[in-house]
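# Reading the structure
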Amino acid sequence: MKTNPIAKRFEHAFDTEIRSRFFKGLDFAGPAGDPGWFGPGSAVWHVHSHLPTLILGLVSAAYIEGLDPSISWMGYDHSRLAERVDGVPTGNFDPEGGAVRLAHSISFFIGTAYGSTASAEKLARTVRAMHHTVKGTRPDGLAYDADDPEWLRWNYATVVWGLATAHERYHRRPLHDIDRYYREFVRVGEALGGTDLPTTKAETAECLESYLPKLALTPIKAAQTGPNLRDSKAKPWEPGSEFMDWAARDMLPRWAQRLALYQPPNPVTLRLRRSSLWFVLNSLHEATGPLPEYRQAQTRAAGKKPNPFISTAPTAPDPVLTREEIEATA
């Protein structure tokens, strides 16, 4: 039983706002002996066990992901990120929608890391099914399709980069060999339909920068960053807040920082901000301890070694489902 008031408050908030709503149907305790996609001792288990840096990594990944205009419009047209009145987007960011998207992401990356093999496969099927519904046309006439191999590769690179970069910069005990994480995490990208995915930090950085000619700061993205967030109602630790926007842009590669009009503060201020964020993230992690899902997975897979490479790529076409059908089973 946690006695630290911060830990108790965080655990209560996580349980009521995320676990009870977005972890439904996921099995972390059984079947006994199932290591899942990764297993004890894996780099993924180590990286994802630090929830505060995992969340920061997801926020940063979403930021760089949105520098692709097609993804900006996918989110505007199909996700809860855009505020809507009578179903019509207003052009504003919806903090509640952002929180829901982040919660789904947390569920996915905790579930695929620590869940049983069946749970990880279920999560991947659900995300693939949702991607199948995301198709449309940008205002400039270009079509977008979430099943496009180029989009899947870009999306994958932004996610693995965000999670690995947050881990390297802010985890108290970062991996000595971060490429081990990049190699293992490919299973997640392949399960979502990705092909020709980068498998090292250097390959991922090269992949991201290679997309630069396709990227732009759209009006949607510009309205959700920098000075435009000074009047944001989001709490500092929530998506859409000015502080989380700073933290995400501060982690970007330099070419992406220039695209996002980010100028680092003076070196003293920068070091103070980063040190303060490091302290807060690690203090929260130390206070709360490992998630129950992580502890359940340890018991379930006790004595097992990290799972050797297994192909998680889909072996058969997915059934065609509506968004409502997908959400009903998520």
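Note: the structure precedes this text.
Residues numbered from 1 in each chain as written. Predicted model: local features only at pLDDT ≥ 70, side-chain atom pairs only at ≥ 80, totals over all residues. Heavy atoms only, no water.

## As for the pattern of salt bridges
Tallied over the full model, the rule gives 17 salt bridges. The partner of Glu 11 in a salt bridge is Arg 19, and the shortest N-O contact between them spans 3.0 Å. Arg 19 sits in the buried class, given a relative accessible area of 14%. One salt bridge connects Glu 65 with Arg 101, and the closest N-O pair in it is separated by 2.7 Å. With Glu 65 in helix 3 (residues 51-65) and Arg 101 in helix 5 (residues 95-114), this residue pair connects regions lying 36 residues apart in the sequence. The network of salt bridges with common partners includes Glu 11, Asp 15, Arg 19 and Glu 293. (Salt bridge = Lys/Arg side-chain N within 4 Å of Asp/Glu carboxyl O. Buried < 20%, exposed > 50% of the residue type's maximum accessible area, 1.4 Å probe, protein only. Helix = DSSP H or I, 4+ residues; strand = E, 2+ residues; numbered from the N terminus.)

## Some remarks on the packing of helix 7 (residues 149-170) against helix 9 (residues 201-210)
Packed helix pairs are specified by the crossing angle of their axes together with the interaxial distance, meaning the distance between the axes. Put simply, helix 7 and helix 9 touch, their axes get as near as 10 Å, and they point 130° apart. On the basis of their axis angle, the class for helix 7 and helix 9 is oblique. Note that helix 7 runs across helix 9; the crossing there is left-handed. Along its contact with helix 7, which presents Arg 153, Trp 154, Ala 157, Thr 158, Val 160, Trp 161 and Glu 168, the element helix 9 presents Lys 201, Thr 204, Cys 207 and Leu 208. Among the residues forming the contact of helix 7 with helix 9, the class breakdown is 6 nonpolar, 2 polar and 3 charged. (Axes fitted to C-alpha atoms, helices over the stretch in contact; angles between N-to-C directions. Parallel < 35°, antiparallel > 145°, perpendicular 65-115°, else oblique. Left-handed = near helix turned anticlockwise from the far one by under 90°. Contact = heavy atoms within 4.5 Å. Nonpolar A, V, L, I, M, F, W, Y, C, P; charged D, E, K, R; others polar.)

## Observations regarding helix 11 (residues 242-251)
Across the 10 residues that make up helix 11, a large majority, 8, are buried. When we look at burial in helix 11, the residues that qualify are Met 244, Asp 245, Trp 246, Ala 247, Ala 248, Arg 249, Asp 250 and Met 251. As for helix 11, its buried residues are in contact with helix 3, helix 7, helix 12 (254-259) and helix 13 (267-288).

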